[in-house]
Amino acid sequence: MTFCRDGILLLDKPAGLTSNAALQRAKRIMGSKKAGHTGSLDPIATGLLVLLFGEATKVSDYILNADKSYRATLRLGQTTTTGDSEGEILMERPVRVEREQLLAVLRQFMGEIAQIPPMYSAIKQGGKPLYELARKGVEVVREPRRVRIDRLDLLAWEGDWLELDIVCSKGTYIRSLAMDIGEALGCGAYVQALRRVHTGPFDVRDALTLEALAVSREAGECPLQPMDLALSYLPAVTLTENTAYYLLQGQGVVVAHAPAPGQIRLYGPEHKFLGLGEVLEDGRVAPRRLMSVN
């Protein structure tokens, strides 16, 4: 089977699995020990889960911090314990919403907003995840967090459900957004279905299902994408064999036509990705996080 250890796997997560369960299945299929995911999806959610294998785990922060986009279906007129269709119904209210009212409410949530994380979340308080407390019926005060909503478009609306196209910053809880929209409309709401379609530069159309991943590996194919795709927004510097040698020893080097000071992608001869570097104020290029890839 093709040697396949370091890189990015775009997985189309099915509904009904936690992100960690999907990761563990993918690890077994890949025969890998070192892997991680870059931002959880709730069990009811489907769509893009970016998995990192081997040395690619070193670029996890750059994907975790990326903007994300979703297609969300909201059920109006009800609230649940979890903010989604997995929870028990807490309250029912009539839906008396006009189109202009709905559009006005959606506009209220554009830009930077304060959001209170749901109790059913992995955020820790007192060393315990909130969802553990929630399962025991304990509710605690959560500090609001600043998040950013860049797009909140109404795709469809019929009766007591609506579909939204959402682009948001890291740390945004779509369940909290749905609950807040429902309260602003005066009828309550929860997430009935959710699909992540983008994470940073990655698109769910390029993702594999677990079944397709298994078929790919049986065929001896390597489904991993190059890890430097996660850093494509950074300037690239290609080193000569001589300068690459000294940089890999931890030394700063001088290169021709260095970009402005800041983070960069580093490449050696034959465009081999070496890792992350930084252009210093004096113009030298210094290593910051190097990859151990043969």
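Computed from a predicted model, the values in this text were never measured in an experiment.

## With respect to the nonpolar core
Item 1. One finds Leu152, Leu164, Ile166, Ile174, Leu177, Ile181 and Leu185 to be the most contacted residues of the largest nonpolar core, which totals 30 residues.
Item 2. Listing elements by their share of this core, those giving two or more residues are β4 (68–76), α3 (99–108), β10 (145–158), β11 (161–168), α5 (174–185) and β12 (189–199).
Item 3. A per-element tally of this core places α5 first, with five residues.
Item 4. Contact partners of isoleucine 174, with chain neighbours within four places excluded, come to Tyr70, Ala72, Ile166, Cys168, Val191 and Leu194.
Item 5. If you look at the next biggest cluster of nonpolar residues, it comprises 21 residues, including Leu48, Ala56, Met227 and Leu276.

## Section: the packing of aromatic side chains
Item 1. All told, the structure shown has two aromatic pairs when counted by the stated rule.
Item 2. Ring geometry for tyrosine 245 versus tyrosine 246: centroids 5.2 Å apart, planes at 85°, classification edge-to-face.
Item 3. Judged by relative accessible area, tyrosine 246 falls into the partly exposed class, the value being 36%.
Item 4. With centroids separated by 5.5 Å and ring planes inclined at 55°, the aromatic side chains of tyrosine 267 and phenylalanine 273 adopt a geometry described as tilted.
Item 5. For tyrosine 267, a relative accessible area of 1% corresponds to the buried category.
Item 6. Overall, phenylalanine 273 belongs to the buried group, its relative accessible area being 12%.

## Focus: the sheet that holds strand β16 (residues 273–279)
Item 1. If you trace the four strands from one edge of the open sheet to the other, you get β14-β15-β16-β17, paired in mixed fashion. Looking at which strands have only one partner, the edges of the open sheet turn out to be β14 (236–238) and β17 (285–290). Neighbouring strand axes in the sheet, compared pairwise and without regard to direction, differ in orientation by 40° on average.
Item 2. With three bridges connecting them, β14 and strand β15 (residues 262–267) associate as parallel partners. Its bridge partner lying in β15, threonine 238 is registered against tyrosine 267.
Item 3. Lying over the sheet, helix α7 (residues 241–248) contacts β15, β16 and β17, oriented at roughly 60° with respect to β17.

## Observations concerning the packing of helix α1 (residues 19–30) against helix α6 (residues 210–218)
Item 1. As a packed pair, α1 and α6 sit with axes 9 Å apart at the nearest point and diverge in direction by 10°. Here α1 lies roughly parallel to α6, going by the angle between them. Considering only the axes of α1 and α6, their crossing is right-handed. Between α1, through Ala22, Arg25, Ala26, Ile29 and Met30, and α6, the contact on the second element is made entirely by Leu210, Leu213, Ala214 and Arg217.
Item 2. In the contact of α1 with α6, the residues fall into seven nonpolar, no polar and two charged.

## Considering the side chain of threonine 199
Item 1. Mapping threonine 199 onto the fold places it in strand β12.
Item 2. The class for threonine 199 is buried, based on a relative accessible area of 0%.

## Description of the environment of serine 85
Item 1. In this structure, serine 85 sits in the loop between β5 (78–80) and β6 (89–92).
Item 2. The exposure class of serine 85 is partly exposed, given its relative accessible area of 38%.
Item 3. In this structure the C-alpha to C-alpha distance between serine 85 and glutamine 192, which are 107 residues apart in sequence, comes to 5.1 Å.
Item 4. The contact partners of serine 85, leaving out residues within four places of it in the chain, are Ile44, Tyr190, Val191 and Gln192.

## Observations regarding the state of the cysteines
Item 1. Summed over all chains, the structure comprises one disulfide.
Item 2. A sulfur-sulfur distance of 1.9 Å marks the disulfide that ties cysteine 4 to cysteine 222. Taking the sign of the S-S torsion, about 65° here, the bridge from cysteine 4 to cysteine 222 comes out right-handed. Note that cysteine 4 is positioned in the segment before β1 (7–13) and cysteine 222 in the loop between α6 and β14, a separation of 218 residues in sequence.
Item 3. A residue is classified by how much of its surface remains accessible, and cysteine 4, at 9% relative accessible area, is buried.
Item 4. With relative accessibility at 36%, the residue cysteine 222 sits in the partly exposed group.

## Comments concerning the environment of glycine 111
Item 1. Position of glycine 111 relative to the elements: it lies in strand β7 (residues 111–115).
Item 2. On the basis of relative accessible area, glycine 111 is assigned to the partly exposed category, the value being 25%.
Item 3. Linking glycine 111 and alanine 184, residues 73 residues apart in sequence, is a C-alpha distance of 16 Å.
Item 4. Setting aside chain neighbours within four positions, we find glycine 111 in contact with Val147, Arg148 and Ile149.

Rules used throughout
Residues numbered from 1 in each chain as written. Predicted model: local features only at pLDDT ≥ 70, side-chain atom pairs only at ≥ 80, totals over all residues. Heavy atoms only, no water. Core = buried A, V, L, I, M, F, W, Y, C linked by side-chain atoms within 4.5 Å. Buried < 20%, exposed > 50% of the residue type's maximum accessible area, 1.4 Å probe, protein only. Helix = DSSP H or I, 4+ residues; strand = E, 2+ residues; numbered from the N terminus. Contact = heavy atoms within 4.5 Å. Phe/Tyr/Trp six-rings, centres within 6.5 Å; stacked < 30°, edge-to-face > 60°. Pairing = 2+ DSSP bridges. Axes fitted to C-alpha atoms, helices over the stretch in contact; angles between N-to-C directions. Parallel < 35°, antiparallel > 145°, perpendicular 65-115°, else oblique. Left-handed = near helix turned anticlockwise from the far one by under 90°. Nonpolar A, V, L, I, M, F, W, Y, C, P; charged D, E, K, R; others polar. Disulfide = S-S within 2.5 Å.

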